[in-house]
Amino acid sequence: MANKFTEYKGLNLPVVAEEILSYWEENNIFEKSVTSREGAESFVFFEGPPSANGLPGIHHVLARAIKDIFCRYKTQKGYQVKRKAGWDTHGLPIELGVEKELKITKEDIGKKISIVEYNEACKKAVMRYTDIWNNMTRRTGYWVDMETPYITYKSKYMESVWWLLKQIYDKDLMYKGYTIQPYSPKAGTGLSSHEVNQPGAYQDVTDTTVVAQFKTIKETLPEVLQNIDGDLHFLAWTTTPWTLPSNTALTVGPKIEYVVVKSYNQYTFEPINVVLAKNLVGKQFAGKFTKVETSEELEAYQQGDKKIPYLVTTEHKGSDLVGIKYEQLLDYVLPYQNPENAFRVISGDFVTTEDGTGIVHTAPTFGADDAKVAKEATPEVPPLLVLDEEGNPAPLVNLQGRFRPEMGEFGGKYVKNEYYTDGETPEKSIDVELAIKLKTENKAFKVEKYVHSYPHCWRTNKPILYYPLDSWFIKITDVKDRMHRLNQTINWKPKSTGEGRFGNWIAGANDWNLSRSRFWGIPLPIWRTEDGKEELIVGSLEELKAEIKKAIDAGVENKDVYADFEVGNMSEENYEKVDLHKHVVDQITLVSPSGKPMKRESDLIDVWFDSGSMPYAQWHYPFENKELIDKNENYPANFIAEGVDQTRGWFYTLHAIGTMVFDSVAYKNVVSNGLVLDKNGQKMSKSLGNTIDPFTTLDTYGPDATRWYMISNANPWDNLKFDLEGIAEVRRKFFGTLYNTYSFFCLYANIDNFTYSEAEIPLTERPEIDRWILSELHTLIKFVDESYADYEPTKAARAISEFVQENLSNWFVRLSRRRYWKGDYQHDKISAYQTLYTCMLTVAKLGAPIAPFYMDRLYKDLIQTTGKENFESVHLAQFPVYDKSFVDKSLERKMEKAQTISSLVLSLRAKEKIKVRQPLQRVMIPVLDVETKADITAVADLIKSEVNVKEVELLDDASGILVKQIKPNFKVLGPKFGKDMKAAAAAIMQFGQEEIAKIEKTGKITIEINGKSSTLGITEVEITSQDIEGWLVANSGGITVALDVTITDELRKEGIARELVNRIQNARKDSGFEVTDKIHVTLQKDEHLVDAINSNLDYLTTETLTAKLEFVDQLENGTEITFDEVNTVLFIKKM
RNA sequence: AGUGAUAUAGCUUAACUGGUAAAGCGUCAAUCUGAUACGUUGGCAGAUGAAAGUUCGAUUCUUUCUAUCACUACCA
C-alpha cells in the first residue's frame, strides 16, 4: 500500500482514459465485473447489432454510452450483466456496397461473377471495418464482450433463425402471396423502400393523364339511378393510363357525396351522364364547361358551341354506389380467376376529394392501395392476371416493362417511353396512344398533361413501376392484438415513443413481407414442388440432412452437400464445415411426400428478421444453451437501447418474434435515443460537412468528458445538439473542479500523513459543515440511485455535477480550507479529511457509470493509501448505500441561508467597492421568527469567515426600524377566494406598516373583498422585511441583510495586514516554497504599513509562517507592492 | 399524407403534483483564493412559437394553427 496519495501536475483526460483502459485490459477488469457477480441475479441486456459496413459516427458514441451506463450501474448494484457484442452482416447496404466496389449490377451476379465469389466478397466487406468499430467501442469505454460476438452469417446463427421461422410457419402464420413493390424494369429488380427513398429518387415528370368514363351496367344500378336517360358513366382519373387495361374495380369513399351530372363529351360531343364527387364538379367542369340550371338550357347545346353546358342533378352517398357493375374499359382480356367479381364499385377509406374525381381507378396489379382495397372487398376483386406461356399467373406488363401479347396492338410495347433505348423511342407513348383510343371510343372525359413527382430507379435513372412480385409473408395481422397488449407491459423511455409511435404502428401493422430477392442473406428454408401444392420448411441442419437423405433415396438428389457435418456435434469446427447461404442451399433438391422433387424458394429472409432473432440466435438456441431462454436466465431483456430510428426496425422485429414464438415480450425496458445533430440543430451529413469524427473528439477531450457532456446536456431521447465547446466546458467545470478538489485534498493529506487510519469520527462529533455536506451527499446518493434505476441518466449526471461544483467545491472545501492548513492534526482536522474523503469516494462511485475512466482513476487513487476498500476497480465496487440517518434537512436549509446571506453581503461590498479583504464590523439581519433566528445563529461563524465581518447581529421586531412587505400566499389563498383572488391580492399588497404590524401581533386581520369580509391568518400571507432605515441593505429569498460599512482605523489596519498576508502568500507561491517552509520577511518602511503590522503582528506571522520580520529603510532586490495608500517593497527567503 | 417529438434570453438547458420564469455560455467591468480549476458581484437580454379554452392563477392541462425534426407510407 502506498503511503502517499498520488499527486498530479495537471488533468489530462485523454491520457487518464488511455492508462485506465490498459489497466482494465491487463487486469481483465471487464471479465471480472461479470465473473465476480457469478450466482447473483442477472440483469439481461441485448446488444443491437450494428452493421459494420460503414464507419462509426459520433452518434454511436452516444448510443454506446447509454447502453454502458446502465450495465455498469446494475453491476455496481450487484447484478450479473452479461453482454455479447454482435454484428449485423447481411443486407442490402452491404450488397450495394460490394456491387459498387466490383463495378457490377445485380444482373451480373451469377453471370460475370459466381454467387459463391459474390458472397465471399460480401463476407469480406462486412468485416472490413470491424477493427475500427471495435477500437471505437474500446475507446468510448463501452464494455461488451467483443471476443465472442454473435455474427449473423455464421451457420449457428442462421440455424437458429431457421428454427424460429419454422415455429412461426407451424403456427400457421406464414403464407405466400404477391405484393406490389417498386420495381425497376431496366435494372430488372425490385427496389426496397430504402432505395426508393434515396435522395434524388423522386423527380418531377410530365405525364399524360386521363379522366376515363366507365360505362355502368344498367341492371346493377340502384333504383334511384335506374330511370336516367341514356348511359351512366363513372369518372376516374389516372396519371398512369397504361394501368387502365388492368382496371378491375372503381373505389369510392363511403362518406363522400357524389352527384350525377348531365353534359356532353368534349371529344365526341355525345350527351353523357357522369358520376363524380360533388366537391370536384367545379374542378372537372372547368374551362370549356359552363354551369346551367335547367334541362332546357342543357338541351339547347349544339355541337360546335364554344361552351359546353352541364347540369348537376341528383346526389348520392358513396356507400350507395357500392356494388354497381360497369363494362370493362379496355376489354383485351379478363382476369383468369373469378372474372365475375371484377368491374364493380367498391369502397375504400383512403379516397379523398383533393384531386381527381373522388372515384379511384383501381388496378390491383399495379398499386399497393389498389391491391389492398381489392383484397378487402367482399367478394374479393380479382387482379388482372392472365396465365402466361408456362401457365403461371402474370400481369399485363412483363418484367421488362412491355405489354404482354394479350394487349393486341400494344403487345410488346414498353409502357413508358423512357424504357426504349435511344433512337428507338416511338413518337407517341403508350399513355398517349391509349388516350387517343379512349377519346375516339367515347371513353375519355378529359386528357391533360400533368406534372407530378415520380420515383426513379437510382441506378438507371428510369421511372420505376409498381409491380406485383411474389413474396413470403408473416401474418402480423393475426398477432397484432397480442403484440399490442404485450407492448403495454414494456417500459418505454420516452413513454410517448412506446404508446404513440410504436403502439400506433402495431395497431395498424400490415403483414410482414419477408422475401428479398438478393444473394447475401439467410435463405428462406422452404422447399416447394413446382406446382406449389406441396412444401416443406426446414428448422435445423439435422432436419435438412434427413430430408436430403430421403431425397437421395428417392433418387431426386444425388449427393449430400453437408456430408461432413455431424449432427449433434456443436463444436465450432463442425459448424465451420457447413455454409447455409444461397449458393449452397440452392443446390439442394428435396422430395415431397408424394415423391415429387422440391426446389428451394429462391428468396432470402429480410435482414430485420436476422436481428430480431438475436436474443435466441446469439446463443444458438434451442440447439445449445436451451436453459438461458427456457428458464428465463437470459430472456427477456431487462434493458435495450438503440436509436429512435429502430422503433420500426429492431424494436419491432424483436417484439414481433418474441410475441409469435414465445408469447412474451423480448425486452422490459427500452430507451430509444434521439439523434445527434450539429450545434445548429442541423442533421449531420457528409454532404454538409458538419460531421464530427468520434476519434478526434475522443483524442482531444477524452471519453469521460464526451460521455458526460452527451448525457448531461440532453435527455437521451431528445435530439442532442452536439457542440464541441460544450465538452470543453464540461471538462473545465466538472472534471476540472473534481480534479482540483482531489489535488487540494492530497496536498494536505500528504503533509499530515492522513491515511484514514484513525477511527471513524461519529457523525455527532463532526462540525456543522461536515454534517451538512454528508447530508447533501446522502440526499445525492438517493437521487442518483433512483434516477439510474428509472433510466434517467441525465438527471443523475446533472445532480452529481451540481453537488461537486456547488456543494463540495464552492462551499464545503472553500469554507473548510483553513481546517486543512491550520492547526494540529486533531479531531476537527481528521473529521475534515474523513468527510472530504468520503464525499470524493462516493462521487467516484456515483459517477462511474457515466465517466468510467476518470472515476476509476479517482477511486483507485483514493483507496491506494487507505485500504478502505480493496476492489481492483470502481466498477467492481458496490453502489453507495443511502443512509437516512445522515440526512438533516434543517441543516441543509440552514446552509442555504448562509449561502444567501453571504451572497447578499458580497453584493453589498461590491456595490460599495469594499474589498472582501477589508474586514467590516458587523452585518445585521432582521429575523421575524424564532426558527430563522436559530438557523442563522447556527451558521453565523461560517458567514463571518466567508464575508469577512466580525459580528452577525440579528434584529428582531422590537427594533422597530424594519420596513416590511407583505405578499399573499397564492397557493393557500387561491382556493379560498376563488374569483375574488385578484381583488384580495391587490388589497393585501396595499397593506401599510400598521396592518402588517397588526397581523403579526394578533395573527390575523379582517379585510373586505367585494363587499364580503374575511379573516386572513398569518399563514396565508408572507411577510418579509425589505428595508432598514438608514442602512445599506439587500434582500433575496425572504432574507434581508444590512451591512455596516464604517471602516474604523482599527479595521483599516487589519485590512492592510490581510492584504499584506495575501502578497506574502503569493510571493511564497511564486518562489516555489513548500507550504510548510518558515520564512524571513523583509519589508521597506512605510508609515501606514508599520502601524498596521504592529497591530496585527501575531495574525500576520502565523498566517504566513513568518519566523522573522524586519523593516529596512531601503530594499533593492524585492517585489514592489502597492495597494490603497501603501507603497512598499517585499523580500522573502527561506529560513 | 399519417404518426410521434420539439418550440423558453443571441446560444444550450431548468422550473416537483398548475402558484407568479431560473442557470450556464457569451460580453463588459469589478473581485475572492497557498486550489494553475471553479467561483463571487454588477451591467447587457426573454412577458415561455401563435391563437383560443379550462382556472382565482397556465411554461405546465385541453383544442386549433404555424415552424422544425424524425419515422413510415404514398401520390389515384
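Up top you'll find the structure we're talking about.
Residues numbered from 1 in each chain as written. Chains lettered and ligands numbered in written order. Predicted model: local features only at pLDDT ≥ 70, side-chain atom pairs only at ≥ 80, totals over all residues. Heavy atoms only, no water.

Enquirer: Mind showing me how you'd approach the sheet that holds strand S22 (residues 535–537) here?
Expert: Taking strand neighbours across the sheet as the criterion, the 4 strands line up as S22-S21-S24-S23 in an open arrangement whose pairing is antiparallel. On the outer flanks of this sheet lie S22 and strand S23 (590–591), each paired with one strand and no other. (Pairing = 2+ DSSP bridges. Helix = DSSP H or I, 4+ residues; strand = E, 2+ residues; numbered from the N terminus.)

Enquirer: Sorry, what's going on with the packing of helix H16 (residues 495–507) against helix H23 (residues 650–662) here?
Expert: If you want to describe how two helices pack, look at the angle between their axes and the distance between the axes. For the pair H16 and H23, the least separation of the axes is 12 Å and the interaxial angle reads 50 degrees. Between H16 and H23, the interaxial angle falls into the category oblique. Between H16 and H23 the crossing geometry is right-handed. Taking contact as the criterion, the partners of Phe502, Trp505 and Ile506 in H16 are, on H23, Phe651, Tyr652 and His655. Residue classes in the contact of H16 with H23 are distributed as 5 nonpolar, 1 polar and no charged. (Axes fitted to C-alpha atoms, helices over the stretch in contact; angles between N-to-C directions. Parallel < 35°, antiparallel > 145°, perpendicular 65-115°, else oblique. Left-handed = near helix turned anticlockwise from the far one by under 90°. Contact = heavy atoms within 4.5 Å. Nonpolar A, V, L, I, M, F, W, Y, C, P; charged D, E, K, R; others polar.)

Enquirer: Quick question: what am I supposed to make of the packing of aromatic side chains here?
Expert: Aromatic ring pairs: the centre-centre distance and the angle between the two ring planes describe each pair. Taken as a whole, this structure holds 66 aromatic pairs when the rule is applied. Here Tyr150 and Tyr157 contribute two aromatic rings whose centre-to-centre distance is 5.8 Å and whose plane-to-plane angle is 10 degrees, an arrangement assigned as stacked. Taken as a pair, Tyr150 and Tyr157 share a single burial class, namely buried. With centroids separated by 5.5 Å and ring planes inclined at 50 degrees, the aromatic side chains of Phe754 and Tyr756 adopt a geometry described as tilted. Residue Phe754 shares its accessibility class with Tyr756, and that shared class is buried. Within the aromatic cluster, the residues linked to one another by ring pairs are Phe5, Phe744, Phe745, Tyr748, Phe754, Tyr756, Tyr820, Trp821, Tyr825, Tyr833 and Tyr837. One residue, Lys782, lies across the ring of Tyr882, its end atom 5.7 Å from the ring centre. Cation over ring: Lys860 sits above Tyr23, and NZ or CZ is 3.7 Å from the ring centre. (Phe/Tyr/Trp six-rings, centres within 6.5 Å; stacked < 30°, edge-to-face > 60°. Buried < 20%, exposed > 50% of the residue type's maximum accessible area, 1.4 Å probe, protein only. Lys NZ or Arg CZ within 6 Å of the ring centre and 35° of its normal.)

Enquirer: Explanation requested: a nonpolar patch on the surface in the structure shown.
Expert: The grouping of Leu747, Ile751 and Val1075 at the surface amounts to a nonpolar patch, some 200 Å² of accessible area in total. Along the polypeptide, Leu747 turns up in helix H25 (residues 724–751). You can call Leu747 partly exposed: its relative accessible area is 31%. (Patch = residues over 30% accessible without salt bridge, like charges linked within 9 Å, V, L, I, M, F, W, Y side chains within 5 Å. Areas by Shrake-Rupley, 256 points an atom, 1.4 Å probe, with all protein chains shown as cover. Salt bridge = Lys/Arg side-chain N within 4 Å of Asp/Glu carboxyl O.)

Enquirer: Teacher, can you tell me more about the environment of Gln990 here?
Expert: Relative to the elements of secondary structure, Gln990 occurs in the loop between helix H33 (981–989) and helix H34 (993–1002). A sequence separation of 24 residues divides Gln990 from Ile966, and the C-alpha atoms of the two residues are 8.4 Å apart.

Enquirer: Would you explain the sheet that holds strand S18 (residues 491–493) in this entry?
Expert: Strands in a sheet are paired, the pairing made by backbone hydrogen bonds, and the direction either parallel or antiparallel. Taken in spatial order, the 3 strands make up an open sheet running S18-S27-S26, and their pairing is parallel. Here the strands that pair on one side only, and so sit at the sheet edges, are S18 and strand S26 (637–643). Averaged over neighbouring strand pairs, the angle between their axes works out to 15 degrees when direction is ignored. With 6 bridges connecting them, S26 and strand S27 (residues 667–673) associate as parallel partners. Paired with Glu642 across the strands is Ser672, a residue of S27.

Enquirer: It is not clear to me how the packing of helix H24 (residues 694–713) against helix H27 (residues 793–821) should be interpreted in this structure. Could you clarify?
Expert: Between H24 and H27, the shortest axis-to-axis distance is 7 Å and the interhelical angle comes to 110 degrees. Regarding the angle of H24 to H27, the classification is roughly perpendicular. Relative to H27, the crossing made by H24 is left-handed. Between H24 and H27, the residues in contact are Trp708, Ile711, Ser712 and Asn713 and Pro793, Thr794, Ala797, Arg798, Ile800 and Ser801, respectively. Class assignment for the residues of the contact of H24 with H27 results in 5 nonpolar, 4 polar and 1 charged.

Enquirer: What is the right way to read a negative patch on the surface from this model?
Expert: Taken together, the side chains of Asp229, Glu293, Glu296, Glu297 and Glu299 make up a negatively charged region of the molecular surface. Positionally, Glu293 belongs in the loop between strand S10 (289–291) and helix H11 (295–299). For Glu293, a relative accessible area of 60% gives the class exposed. (Lys, Arg positive; Asp, Glu negative; His and termini not counted. Charge placed at Lys NZ, Arg CZ, Asp CG, Glu CD.)

Enquirer: Help me understand the side chain of Asp1077 in this model?
Expert: Position of Asp1077 among the secondary structure elements: in the loop between helix H35 (1049–1070) and strand S38 (1079–1084). Looking at Asp1077, the relative accessible area reads 15%, which means it is buried. Residues contacting Asp1077, with those up to four places away along its chain left out, are Arg1068, Leu1105 and Lys1134.

Enquirer: Could you clarify how one ought to interpret the pattern of salt bridges in this entry?
Expert: Where side chains of opposite charge bring their charged atoms close, a pairing between them can arise. Counted under the stated rule, the structure contains 59 salt bridges. We note a salt bridge from Glu406 to Arg404, for which the minimum N-O separation is 3.0 Å. With a shortest N-O distance of 2.5 Å, Lys845 and Glu869 are connected by a salt bridge. Taken together, the positions of Lys845 in helix H28 (residues 827–847) and Glu869 in the loop between helix H29 (852–866) and helix H30 (889–912) put the pair 24 residues apart, joining distant regions of the chain. Just as Lys845 is buried, Glu869 falls in that class too. Among the charged side chains, a network of salt bridges with common partners joins Glu47, Arg64, Lys67 and Glu642.

Enquirer: Help me understand the side chain of His90 in this model?
Expert: Within the secondary structure layout, His90 lies in the loop between strand S1 (84–87) and helix H4 (92–102). Here His581 takes part through its side chain, which lies 2.9 Å from a polar atom of the side chain of His90. Among the polar contacts made by the side chain of His90, one reaches the side chain of Asp610 at a distance of 2.8 Å. Filtering out sequence-adjacent residues up to four positions away, His90 remains in contact with Thr152, Tyr153, Met158, Trp520, Gly521, Ile522, His581, Val607 and Asp610. (Polar contact = N/O pair within 3.5 Å; in protein donor to acceptor, adjacent residues only side chain to side chain.)

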